[in-house]
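Summary of the model geometry
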Amino acid sequence: MNRGSAIDKYEILIVDDTPEQIEMAMLVLKNNNYKVRVSTKGEAALKLLERQKPDLILLDIFMPEIDGFELCRIIKQNDEFKNIPVIFLTSSDDEQSIKKGFESGAQDYVTKPFNATELLARVNTHIKLKEQTESLYLANRELDSFCYSIAHDLKAPLLSISKLIEYLSLDYYDKLGDDGNSLIKNIQKKSTELTAIINHLLEFSRMCEMDMKLEPINLNNLIQSVFDELMLAQPERTAVLDMPRLPEITGDGIMLRILVTNILSNSLKYTAGRQRAEISVEYTGHQYDYIFCIRDNGAGFDMKYSARLFQVFQRLHSSKEFEGSGVGLSICQKILKRHKGKAWMTGETDNGASFYFSFPKNNK
Ligand SMILES: Nc1ncnc2c1ncn2[C@@H]1O[C@H](COP(=O)(O)OP(=O)(O)O)[C@@H](O)[C@H]1O
Ligand SMILES: [Mg+2]
């Protein structure tokens, strides 16, 4: 770990109602250039947290009023504090407490009485991990906005090119002849495809940045209305949608409509070769979340390549077979991540595909 002046900026909050026991911890940390604050009560610790966010918390288990487990849960449920690493202070061989500590969201534990080297090593490790996570997060945000600006900047010239081609084909139709006009048609088709990809990319970046407005969502209505809307654009198709009564969930209405649109447009796209497209929705309830499944009887895919499905621009079918940009599923994953859910797919070549997603029951 980088020693010396750089470490000065790190602040450790020790929460323990028996300060004499933590004297040694304070000494070791201060000698290693950490700033240390101490609180002897859970409530006071929360107030200290609000005033200034520490880089790491050392938390005793047994305290009057709010105990360590409860305090840890409160910290981990708060969006502002949840990324602060928490290390539990526990008496040795207390298996039960260690288990409960991890369950309440702590990252690690040290046993009392402290071993100075061990305490310092664990603190250093978690501070370093937190720094790396933060810099990864920032790098990711930078990539997202980079992706947005590229897509955004490409859009205007691309629109001009499409317009120019349109003028060319209108004004010079006779002069261009059959070969020329067929070339122009191809260019027009490609530029429409490129515009779709760019719009998809813009949507992907928007899902990363957009503020969320949580509201109750009636999934049955949402899925039915997206299905009807998609079918309006392809009235010649025969498709049936089968779904049970689904539970109400809490999420961002705009994002969830985009999610369902992407899922169902895939189901309809990859069943295009079927006389009768069959789409069914199922769900199961678990302790903390629901798992929803949207299944179709379409072209399916080879599970060997399933790891690539959710990556931007990755497609398992060729554009000749099915048109597409390969961004839809990445948008779905982004939307679900922002709702603390997760998406995955299963499928079998020529035997349909299932899109699964988990969604927290309590998303407040
Ligand atoms: N319902 C489905 N059935 C079969 N394959 C699917 C299905 N949904 C997605 N896929 C596969 O996942 C790939 C990525 O999907 P997506 O990101 O929506 O891109 P796109 O639909 O534009 O190709 C698709 O190209 C396709 O190979
Ligand atoms: Mg798609």
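Note that the structure is a prediction, hence the values are computed from the model and not measured.

This part is about the overall build of the protein chain. In terms of helices and strands, the protein chain carries 9 helices and 12 strands. The C-alpha radius of gyration of the protein chain comes to 28 Å, more than 25% above the 21 Å expected for a compact globule of 364 residues. Principal-axis analysis of the C-alpha atoms gives the protein chain an extent of 95 × 50 × 35 Å. Expressed as a percentage of the 364 residues in the protein chain, the buried residues total 44%.

In the vicinity of ligand 1, 19 residues are found, and the nearest of them are Lys-269, Asp-296, Arg-315, His-317 and Leu-329. Between ligand 1 and the protein, one listed contact pairs an oxygen atom with a side-chain N or O atom of Asn-266 at 2.9 Å. Separating an oxygen atom of ligand 1 from a side-chain N or O atom of His-317 is a distance of 2.6 Å. Notes on ligand 1: free accessible area 530 Å², of which the protein chains cover 98%. When atoms are counted within 2 Å of each cavity's grid points, the one that captures over half of ligand 1 is the second largest pocket.

Residue alternation in strand β7 (residues 239-242) divides its side chains into a buried set, Ala-239 and Leu-241, and an unburied set, Val-240 and Asp-242. Bridge analysis of β7 against strand β9 (residues 277-285) gives 4 bridges, and the strand direction is parallel. Bridge pairing links Ala-239 to Ala-277 in β9.

Moving on: the nonpolar core. Formed by 51 residues in total, the largest nonpolar core has its most connected members in Ile-223, Leu-264, Phe-355 and Phe-357. Looking at this core element by element, the count peaks at 8 residues for helix α8 (residues 253-269). There are two domains that each give this core at least three residues, and those are domain 2 (141-209) and domain 3 (210-364). If we skip the residues at most four places from it in the chain, Ile-223 touches Leu-241, Met-243, Leu-246, Val-260, Leu-264 and Val-281.

Per the UniProt record, "modified residue: 4-aspartylphosphate" (unreviewed entry) is found at Asp-60. Examined against the element boundaries, Asp-60 turns out to sit in strand β3 (residues 56-60). Owing to a relative accessible area of 5%, Asp-60 belongs among the buried residues under this scheme. Not counting residues up to four positions away in its chain, the partners in contact with Asp-60 are Val-15, Asp-16, Asp-17, Gly-68, Leu-89 and Lys-112.

Glancing now at the environment of Lys-269. By secondary structure assignment, the location of Lys-269 is in helix α8. Taking the C-alpha atoms as reference points, Lys-269 and Phe-322, 53 residues apart in sequence, are found 7.2 Å from one another. The contact partners of Lys-269, leaving out residues within four places of it in the chain, are Arg-315, Phe-322, Glu-323 and Gly-324.

This next bit is on the sheet that holds strand β5 (residues 108-112). Taken in spatial order, the 5 strands of this open sheet run β2-β1-β3-β4-β5, and their pairing is parallel. The outermost strands of the open sheet, each flanked by one partner alone, are β2 (35-39) and β5. Mean inter-strand twist for the sheet, computed between neighbouring axes without regard to direction, equals 20°. Bridging between strand β4 (residues 86-91) and β5 involves 5 bridges; their strand directions are parallel. When the sheet's bridge partners are listed, Phe-88 is paired in β5 with Tyr-109.

Rules and cut-offs
Residues numbered from 1 in each chain as written. Chains lettered and ligands numbered in written order. Predicted model: local features only at pLDDT ≥ 70, side-chain atom pairs only at ≥ 80, totals over all residues. Heavy atoms only, no water. Helix = DSSP H or I, 4+ residues; strand = E, 2+ residues; numbered from the N terminus. Rg over C-alpha atoms; globule rule 2.2 N^0.38 Å. Buried < 20%, exposed > 50% of the residue type's maximum accessible area, 1.4 Å probe, protein only. Near = heavy atom within 4 Å. Polar contact = N/O pair within 3.5 Å; in protein donor to acceptor, adjacent residues only side chain to side chain. Areas by Shrake-Rupley, 256 points an atom, 1.4 Å probe, with all protein chains shown as cover. 1 Å grid on protein atoms, 1.4 Å probe; cavity = no way out; pocket = protein on both sides within 12 Å on 5 of 7 lines; lining within 4 Å. Sits in = over half its atoms within 2 Å of the grid points. Pairing = 2+ DSSP bridges. Core = buried A, V, L, I, M, F, W, Y, C linked by side-chain atoms within 4.5 Å. Domains from an automatic or database assignment. Contact = heavy atoms within 4.5 Å. UniProt positions renumbered as here; feature names shortened; annotations may be inferred. Axes fitted to C-alpha atoms, helices over the stretch in contact; angles between N-to-C directions.

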